[in-house]
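# Structural description and commentary
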2 protein chains.
Amino acid sequence: MSPKRADTGPAVPGAIWLRERAPGRGGGLTRERIAEATVALLDADGAAGLSLRRLAEALGVHATTLYWHVATRDDLLDLALDAVFGEIPEAGGPGADWTGDITGYMHGLRRALLRHPWSAALAGSRPLTGPNALARAESVHVALTGAGFRGAELSAAAAAISNLVIGSVAVETSWQHEGEAPARRAVDEHLRRHAERYPTLAAHAPTLDDAWDDHFDRAVRFLVDGLAAAR
Amino acid sequence: MSPKRADTGPAVPGAIWLRERAPGRGGGLTRERIAEATVALLDADGAAGLSLRRLAEALGVHATTLYWHVATRDDLLDLALDAVFGEIPEAGGPGADWTGDITGYMHGLRRALLRHPWSAALAGSRPLTGPNALARAESVHVALTGAGFRGAELSAAAAAISNLVIGSVAVETSWQHEGEAPARRAVDEHLRRHAERYPTLAAHAPTLDDAWDDHFDRAVRFLVDGLAAAR
DNA sequence: ACCTGAACACCGTTCAAGT
DNA sequence: ACCTGAACACCGTTCAAGT
C-alpha cells in the first residue's frame, strides 16, 4: 500500500493546481523538471508524440516513477501549458492607453502559443487554471477595470480577448502539422476545381504567402475597436 | 497485395476530402454511415473514447475493415467534424443587414458545436476543409463582400468570425468534461485562497450560474461592432 | 470491391515491492 | 519519501488471406 500518491483529490482537469507539490529536496524529479522536459518533448514531437515512457526516458527514470509526481498524463499537459503562459511578458502595470495594453497582451499571448505549436489547441481543450495563466488573466482584468468595464461586460470582454487569440492560433498551427505549404496548395487546387460550388471563396482564396501575421493584427483591431466602442 | 486502399494521396490533414469516395453500392459501409456512427460514439464518450475497435463494433464490422474506407483515425475525426458543420442552418442568401447575417452565423455555429462537446476543440486542431465547412465559409464570404470587405480585410474578418466562435466554444466545453460545477467551485475556492495574488480576478470571479450564453452574446457584439466600424 | 484475422509495436495505469 | 518492475487491458496500423 503506497502511503500517499499524487492522485489525491477530485478528477477534474487542472486538478494538479489544487494539490500541494511534493517537497522535492534536491536529488530527484521536481514539478519544474518534469514540466520542462514535457515542453521539450511536445516541441519536438507534438502532442501525439508525448508518452509517459518517452518522457521518463528523457528524464532518466522509469515510466511509472512519474506517477509519484503526477496523477495522470493530463497533468503533464497542464504543467506544460502553464509553462507556455509563463512566457508571456508581464505587462508591468496598466499603461496610459488600455487598448494598447490589451493589444500588446493579445500579441504576446499569440507569440508564446506560436512558439509551441501544440499549445493553442491544448489551451482550448482544458481550463486554464495554472498560476501563470491566472496571473495573466489578472493583468487583463486590471487593464479592463481600469478602462471602466464591470460585471458581465468585464467577464465577456476578458473572455473574448483570450478566446480570439486561442482560436486564431489553434487554427493557424493546425495548418502547420504536416507542412503548411502542401496542405494549402492541395486545398487551393480543390477550391479551384469546385469553384462553381464556392465562387466567393475561390475568388478570394487566401494567398500562399504567409498572411497570418497581417490577418491576426487586423482581427485584434476589429475586436479592440468593438471593445472601445462599448466604453 | 491489396488492389487499392483509402490511403492513396498525401498524408496531410483533411486529406480525406481530396480523395474520391468508394462507390458504395448498397450493402456495406459508406462514408455517411461511418460519419454518423463516429459522431454518435464521440457524443457518447468524447474524443478519448473513440477507438477503431469500438466504432467497428458499433457498425457490426471488424476493426480493420474500416481501413478500406478511411486511411487513418484522423480521417474519422474529419468526417465527424464536417458532419457537425452540416448542422449549421444555411443562411439562404444575404439579408438586408449584413451584421445580422454574421451575428446569426456565429450563434448558429456555436449551437452546432455545443451540441457535440468534442467538436470545438477538434475544429481548432485541424484545417476545416470538408464540404460543409467550406459551404459555410462561402456564405460568410458572401455576406462580407456584400458589406464591402475586400482582400486582406475580408480574409481577416472571416477568420476572426470563426476563430472567436471556435475559441469560445472550445473553452466553454473544456469546463464540462468532468462536470462543470465541481470544477468551477474548486477554482473559485482556489482563487479565494490566493486572493492576494489575484485580487481583481477574485473580486470579479464569474458567478456560478451559467453566464456562458450572455458572455458569448456580448463577445459577438464586440467583434461585430468592430467590423462595422471598419466599413 | 470489400471484409476478415492474426500480428506488431506500442499505449496509460495499477500495484506490490524495494530503499 | 521516492523509485522500480511486472503486469493488465487496451491502442492504431500492417498485411496476407478470404469471397
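The paragraphs below set out a description of the structure included in this document. These figures come from a predicted structure and were not determined experimentally.

Taken together, 21 residues sit near DNA strand C, with Arg-53, Thr-64 and Arg-73 of chain A together with Thr-65 and His-69 of chain B positioned nearest. Between a phosphate oxygen of DNA strand C and a side-chain N or O atom of Ser-51 of chain A, the distance comes to 3.4 Å. Here a phosphate oxygen of DNA strand C and a side-chain polar atom of Thr-65 of chain B are 2.5 Å apart. A total of three residues in the surface near DNA strand C trace back to one element, the largest contributor, which is helix α2 (residues 52–59) of chain A. Of the residues contributing to the surface near DNA strand C, the split by class is eight nonpolar, nine polar and four charged.

Another aspect to go through is the protein's contact with DNA strand D. Around DNA strand D, a shell composed of 21 residues is seen, among which Thr-65 and His-69 of chain A together with Arg-53, Thr-64 and Arg-73 of chain B lie nearest. Atoms of DNA strand D within 4 Å of the protein: sugar and phosphate make up 49%, bases the balance. One of the side-chain nitrogen or oxygen atoms of Tyr-67 of chain B is found 2.9 Å away from a phosphate oxygen of DNA strand D. Arg-73 of chain B has a polar backbone atom sitting 2.8 Å from a phosphate oxygen of DNA strand D. Residue contributions to the surface near DNA strand D peak at three residues, all from helix α2 (residues 52–58) of chain B. When grouped by side-chain class, the residues that make up the surface near DNA strand D number eight nonpolar, nine polar and four charged.

Further remarks concern the environment of Asp-97 of chain B. Residues and elements named next belong to chain B. Mapped onto the elements, Asp-97 comes out in the loop between α3 (73–85) and α4 (98–115). Under the relative-accessibility criterion, Asp-97 is labelled partly exposed at 40%. It is 52 Å that separates the C-alpha atoms of Asp-97 and His-62, two residues lying 35 residues apart in sequence. Within the structure, Asp-97 has its side chain in polar contact with the side chain of Thr-99 (distance 2.8 Å).

Here the focus is the interface of chain A and chain B. With 60 residues of chain A at the contact, the number on the chain B side is 60 residues. In this assembly, chain A packs against chain B so that about 5,000 Å² is buried in total across both faces, 72% of it on carbon and sulfur atoms. Counting the surface chain A buries against chain B, the share from its top three residues, Glu-138, Leu-201 and Phe-222 of chain A, is 13%. Viewed at the interface, chain B and chain A are joined by zero salt bridges. At the surface where chain A touches chain B, the tally comes to eight residue pairs in polar contact (both at pLDDT 80 or more). By residue number, the principal contributor to the side of chain A that touches chain B is helix α7 (residues 151–174) of chain A, which donates 15 residues. When the residues that make up the side of chain A that touches chain B are grouped by side-chain class, the tally is 36 nonpolar, 16 polar and eight charged.

Here is what the cut-offs are and how they apply
- Residues numbered from 1 in each chain as written.
- Chains lettered and ligands numbered in written order.
- Predicted model: local features only at pLDDT ≥ 70, side-chain atom pairs only at ≥ 80, totals over all residues.
- Heavy atoms only, no water.
- Near = heavy atom within 4 Å.
- Polar contact = N/O pair within 3.5 Å; in protein donor to acceptor, adjacent residues only side chain to side chain.
- Helix = DSSP H or I, 4+ residues; strand = E, 2+ residues; numbered from the N terminus.
- Nonpolar A, V, L, I, M, F, W, Y, C, P; charged D, E, K, R; others polar.
- Buried < 20%, exposed > 50% of the residue type's maximum accessible area, 1.4 Å probe, protein only.
- Contact = heavy atoms within 4.5 Å.
- Buried area = accessible area lost by both parts, 1.4 Å probe.
- Salt bridge = Lys/Arg side-chain N within 4 Å of Asp/Glu carboxyl O.

So far we have only geometry, and geometry alone does not tell us how the molecule works.
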